[in-house]
Amino acid sequence: QKIPASIAVAPPLLNLTVRTGASSVTEVPVGSLSVVAAKNDKKVSGSRGFKVLGEEECDCAVAVRYQVDRTSGVFCFVEPTRVRRDRLLEAFVVLAVAGR
């Protein structure tokens, strides 16, 4: 299911906040992030949700893995173009390095 989301980083670059809708908020440590084009992540690209995306959307998706306490998870963000996907990948890499 595709859901609009907003992403924010809490100062001093320790936590990433993903907000979906008015009440759903997930906060994860920046230092735990790892990113990849979603089509290159076997678990994400094999998921039911990913399989319903169109070919263009699959090309523009980014998988962001995180860990909170001992629980891991993944966000999948779909950007409108491959250039925007690449910018998002770059931004997450910079954030992850800055958060370590």
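One structure accompanies this document, and this report is about it. From a predicted model like this one, the values you see are computed outputs, not experimental measurements.

1. Re the nonpolar core
Here is a general trend for soluble globular proteins: nonpolar side chains tend to be buried in one another's company.
(1) Moving on: Counting 15 residues, the largest nonpolar core has L16, V28, L33, V64, F75, F77 and F92 as the members making the most contacts within it.
(2) Moving on: Contributing elements (two or more residues each) for this core: strand 2 (15-20), strand 5 (61-68), strand 6 (71-78) and helix 4 (82-98).
(3) Moving on: Looking at this core element by element, the count peaks at five residues for helix 4.
(4) Moving on: Not counting the four nearest positions on each side in its chain, F75 is found in contact with V18, T26, V28, V62, A63, V64 and Y66.
(5) Moving on: One finds A38, L53, A61 and A63 within the second-largest nonpolar core, a separate group that totals seven residues.

2. Regarding the pairing of strand 5
(1) Moving on: Pairing between strand 4 (residues 34-37) and strand 5: four bridges, direction antiparallel. Considered in strand 5, the bridge of V35 is made with V64.
(2) Moving on: Connecting the antiparallel pair strand 5 and strand 6 is a turn made up of two residues, with D69 showing a positive phi of about 55°.

3. Re the packing of aromatic side chains
What describes a pair of aromatic rings is the distance from one ring centre to the other and the angle between the planes of the rings.
(1) Moving on: Throughout the structure, instances matching the rule amount to three aromatic pairs.
(2) Moving on: Where F75 meets F77, the ring centres are 5.8 Å apart and the plane angle is 35°; that geometry is what we call tilted.
(3) Moving on: Looking at F77, the relative accessible area reads 11%, which means it is buried.

4. Here we look at the pattern of salt bridges
A pair can form between side chains of opposite charge whenever their charged atoms are brought close.
(1) Moving on: On inspection of all chains with the given rule, the structure shows seven salt bridges.
(2) Moving on: Put simply, R65 and D41 hold a salt bridge, and the shortest N to O gap is 3.1 Å. Of this pair, R65 sits in strand 5 while D41 sits in the loop between strand 4 and helix 1 (42-45); the two residues are 24 residues apart in sequence, bridging distant segments of the chain.
(3) Moving on: We classify D41 as buried; its relative accessible area is 9%.
(4) Moving on: Salt-bridge contacts for E79 lead to R84; the nearest nitrogen and oxygen are separated by 3.4 Å.

Calculation notes
- Residues numbered from 1 in each chain as written.
- Predicted model: local features only at pLDDT ≥ 70, side-chain atom pairs only at ≥ 80, totals over all residues.
- Heavy atoms only, no water.
- Core = buried A, V, L, I, M, F, W, Y, C linked by side-chain atoms within 4.5 Å.
- Buried < 20%, exposed > 50% of the residue type's maximum accessible area, 1.4 Å probe, protein only.
- Helix = DSSP H or I, 4+ residues; strand = E, 2+ residues; numbered from the N terminus.
- Contact = heavy atoms within 4.5 Å.
- Pairing = 2+ DSSP bridges.
- Phe/Tyr/Trp six-rings, centres within 6.5 Å; stacked < 30°, edge-to-face > 60°.
- Salt bridge = Lys/Arg side-chain N within 4 Å of Asp/Glu carboxyl O.

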